[in-house]
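# Report on the structure
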Amino acid sequence: MKLARDTWLVYQRQLLLMARSPVWIAVGLLQPLCYLLLFAPLLTSALAASGAHSTADAYRIYVPGLLSALALMGGLFTGFTLLGELHAGVIERSRVTPVSRVALLLGRALRETTALLIQSVLIAVLAIPFGLTVGLADLLLALAMLALMALMASSVSYGLALLVPTDAALGPVVNTIAQPLALLSGTLLPIALAPVWLRTAASWNPCYWAVEGMRALFAGHLDAPEVWRGLLLTALLMAVAVAWSARLFAQRIR
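Source: prediction; values computed, not measured.

Reading the values: rules and limits
- Residues numbered from 1 in each chain as written.
- Predicted model: local features only at pLDDT ≥ 70, side-chain atom pairs only at ≥ 80, totals over all residues.
- Heavy atoms only, no water.
- Salt bridge = Lys/Arg side-chain N within 4 Å of Asp/Glu carboxyl O.
- Buried < 20%, exposed > 50% of the residue type's maximum accessible area, 1.4 Å probe, protein only.
- Phe/Tyr/Trp six-rings, centres within 6.5 Å; stacked < 30°, edge-to-face > 60°.
- Helix = DSSP H or I, 4+ residues; strand = E, 2+ residues; numbered from the N terminus.
- UniProt positions renumbered as here; feature names shortened; annotations may be inferred.
- Axes fitted to C-alpha atoms, helices over the stretch in contact; angles between N-to-C directions.
- Parallel < 35°, antiparallel > 145°, perpendicular 65-115°, else oblique.
- Left-handed = near helix turned anticlockwise from the far one by under 90°.
- Contact = heavy atoms within 4.5 Å.
- Nonpolar A, V, L, I, M, F, W, Y, C, P; charged D, E, K, R; others polar.
- Polar contact = N/O pair within 3.5 Å; in protein donor to acceptor, adjacent residues only side chain to side chain.
- Arc of directions from axis to C-beta.

### Thoughts on the pattern of salt bridges
The full count for this structure, using the stated rule, is three salt bridges. For Asp 6, the salt bridge is made with Arg 5, and the minimal N-O distance between the two is 3.6 Å. Note on Asp 6: relative accessible area 3%, which makes it buried. Residue Arg 111 is joined to Glu 112 by a salt bridge in which the shortest nitrogen-to-oxygen separation is 2.4 Å. Grouping residues by exposure puts Arg 111 and Glu 112 together as buried.

### Here's the deal with the packing of aromatic side chains
One pair of aromatic rings is described through two measures. These are the centre distance and the angle between the planes. Tallying each qualifying case throughout the model produces three aromatic pairs. Ring centres of Trp 8 and Tyr 11 lie 5.9 Å apart, and the angle between their planes is 45 degrees; on these two criteria the pair is classed as tilted. You can see Trp 8 and its partner Tyr 11 sitting in helix α1 (residues 2-20), three residues apart, about one turn around the helix. A relative accessible area of 49% places Trp 8 in the partly exposed class. Looking at Tyr 11, the relative accessible area reads 15%, which means it is buried. For the ring pair Phe 77 and Phe 80, a centre distance of 6.1 Å and an interplane angle of 10 degrees mean the geometry is stacked. Of the residues examined, Phe 77 reaches a relative accessible area of 31% and is grouped as partly exposed.

### Overview of the UniProt feature "transmembrane region" (unreviewed entry) in the protein
Within this numbering scheme, the UniProt entry marks residues 21-49, 61-83, 115-134, 140-164, 176-198 and 227-250 as carrying the feature "transmembrane region" (unreviewed entry). Annotation note: span residues 61-83, helix share 91%, strand share 0%, distance between end C-alpha atoms 35 Å.

### Structural notes on the packing of helix α5 (residues 79-88) against helix α7 (residues 101-126)
Across the interface, α5 lies against α7 with an axial gap of 11 Å and an inter-helix angle of 135 degrees. Regarding the angle of α5 to α7, the classification is oblique. The crossing of α5 and α7 is right-handed. Across the interface between the two elements, Thr 81, Leu 82 and Glu 85 from α5 touch Leu 105, Arg 108, Arg 111 and Glu 112 from α7. Looking at side-chain class alone, the contact of α5 with α7 contains two nonpolar, one polar and four charged residues.

### A closer look at the side chain of Arg 60
Looking at the secondary structure, you find Arg 60 in helix α4 (residues 55-76). Arg 60 sits in the buried class, given a relative accessible area of 19%. Polar side-chain contacts of Arg 60 include one of 2.7 Å to the side chain of Thr 133. For Arg 60, the contacting residues outside a window of four places in its chain are Leu 132, Thr 133, Arg 215, Phe 218 and Ala 219.

### Details of α5
Listed in full, the buried residues belonging to α5 are Gly 79, Leu 82, Leu 83, Glu 85 and Leu 86. Along α5, the residues classed as buried sweep out an arc of 160 degrees about the axis, all on the same side. Following α5 by one or two positions, Gly 89 has its phi on the positive side, about 85 degrees.

What follows is the structure in structure tokens.
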């Protein structure tokens, strides 16, 4: 009960700080919008090879991948925010508070997850004029999976920020992790278009199953095995990532 209350208090405080600088949500939308407006139209013919027979089908394949990339890449780069607070002494001053150490981290991660969900909803809405259609239940479950991905990625990023002392060092570390995960999960192009050896390698990437589950939901296949496999793997990884980063955080401000 104390953990839930403390997390809610920290989360409220972080939302207030985010509301004071809404420009960050707009900035986070720029790159996905560029991909949606300038890159997606080029993929209609390419995606036809994977079963997309119309523009609407192409966007049902592309948009879930784009949203997954936003959750994965956006979440993995949130550690720079924590690193700035560490350098400014904000985290050190938390030692004197009775708030749960896990809540201090979890509340921040939930703020990043909320920002990413807002961006994802806006992108999905902007894709509707291009022919994207998705059921409400499918969309809500897809957003839940995105939230798990974002929370997992944010927690991993926070853990890395606690281990890596500088911005200059954190950037290459995050890029080294983020690029293979994104490319081997088929965020921009379905892995079905890749050679056999690449499809085999992707099957060992948990993020691949989350992306496949997202695409199944956008296609209206709520009962597809990819959906529940992706949810289960993402939830498990999220729990492990939160526990790992929370332990590092508690050790840092003990």
